[in-house]
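# Breakdown of the fold
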Amino acid sequence: ALATLVDAVPDGDRWLHEIKPDGYRLLVRVDDDRVQLLTRGDQDWTDRLPALADALRRRLAGRRALVDGELVHVDADGITRFGPLQRALAERRTDPLVFYAFDLLHLDGHDLRALPLERRKQL
């Protein structure tokens, strides 16, 4: 789901609140040793982010997975900012970029979307 700006957040035990970092949404598709980094617009950014693809390939070696996350630039003050992210990508500098994985949708042939979000995060 896309983030939606609201005046007040809901309260109660049924809600999980997360900070929305300012970045590009990426879906990571892992199939054994093949990794694809796909944007929300279905563009393949794997070649633009080879270090990230390699890190995910090593981390998820031999697995099949769909991971939802956000590619961000984190400033020295710990804040994600979109402008520096765009500049880093335009200059093909990926060293200052961070990928936050926030949801595991599929793992090894199992559709996990029906599980509670907290359980998917544990996995």
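Quick caveat, the model's predicted, so the values are computed rather than measured.

Further remarks concern the environment of T80. Relative to the helices and strands, T80 is located in the loop between β3 (64-73) and α2 (82-90). For T80, a relative accessible area of 17% puts it in the buried group. When the C-alpha atoms of T80 and P21 are compared, they prove to be 5.9 Å apart, with 59 residues separating the residues in sequence. When neighbours within four sequence positions are excluded, T80 is seen to be in contact with P21, D22, V72, H73, V74 and Y100. Among the polar contacts made by the side chain of T80, one reaches the main-chain amide nitrogen of D22 at a distance of 2.8 Å.

Scanning all chains against the criterion turns up 11 salt bridges. We note a salt bridge from D31 to R64, for which the minimum N-O separation is 3.9 Å. With D31 in strand β1 (residues 24-31) and R64 in strand β3, the pair connects residues that are 33 residues apart, well separated along the chain. R64 sits in the partly exposed class, given a relative accessible area of 44%. D111 is the partner of R113 in a salt bridge, and the nearest nitrogen-oxygen pair spans 2.6 Å. On the basis of relative accessibility, which here comes to 52%, the residue R113 falls in the exposed class. Take D111: its relative accessible area is 40%, and that puts it in the partly exposed class.

What follows concerns the packing of aromatic side chains. Taken as a whole and judged by the stated rule, the model has two aromatic pairs. Between Y24 and W45 the ring centres are 5.0 Å apart and the planes differ by 75°, which places this aromatic pair in the edge-to-face class. Here Y24, found in strand β1, pairs with W45, found in the loop between β2 (34-39) and α1 (50-59); they are 21 residues apart in sequence, far enough to count as distant. The exposure class assigned to W45 is buried, which follows from its relative accessible area of 6%. When the ring of Y24 is compared with that of F82, the centres are 4.9 Å apart and the planes differ by 55°; the resulting orientation is tilted. Of this pair, Y24 sits in strand β1 while F82 sits in helix α2; the two residues are 58 residues apart in sequence, bridging distant segments of the chain. A residue is classified by how much of its surface remains accessible, and Y24, at 26% relative accessible area, is partly exposed. One aromatic cluster in this structure is built from Y24, W45 and F82. A cation over a ring is seen here: R48 above W45, with NZ or CZ 4.4 Å from the ring centre.

Another point: the nonpolar core. Among the nonpolar cores identified, the biggest contains 22 residues, and V28, L37, L49, L52 and L71 are the most heavily contacted of them. Sort the elements by how many residues they give to this core and strand β4 (residues 97-107) lands first, with four residues. For V28, the contacting residues outside a window of four places in its chain are V35, Q36, L37, L56, A65, L66, V67 and F99.

What counts and how
In this numbering scheme, every chain counts its residues from 1 along its sequence in written order. Thresholds applied to this predicted model are a pLDDT of at least 70 for local features of residues and 80 or more for the giving and counting of side-chain atom pairs; totals over whole chains, interfaces and linings are not thresholded and use all residues. Working from all heavy atoms in the structure, the side-chain values ignore hydrogens and water. Numbered from the N terminus, helices here are DSSP runs of H or I no shorter than four residues, and strands are runs of E no shorter than two. Burial classes follow relative accessibility: with a 1.4 Å probe on protein chains only, a residue under 20% of its type's maximum area counts as buried, one over 50% as exposed, and anything between as partly exposed. Contacts: residue pairs with any heavy atoms within 4.5 Å of one another. By the criterion applied in these results, polar contacts are pairs of N or O atoms within 3.5 Å in which, for protein atoms, one can donate a hydrogen and the other can accept it, and in which residues neighboring in sequence qualify only through two side-chain atoms. Salt-bridge detection follows one rule: a side-chain nitrogen of Lys or Arg within 4 Å of a carboxyl oxygen of Asp or Glu. Put simply, two rings from Phe, Tyr or Trp (the six-membered ring, in Trp's case) pair if the centres are within 6.5 Å, and we call them stacked under 30 degrees between planes, edge-to-face over 60, tilted for the rest. Placement of a positive charge over a ring is assigned whenever Lys NZ or Arg CZ falls within 6 Å of the ring centre and within 35 degrees of the normal to the ring plane. Throughout this description, the term nonpolar core refers to a set of buried Ala, Val, Leu, Ile, Met, Phe, Trp, Tyr and Cys residues connected via side-chain atoms within 4.5 Å.

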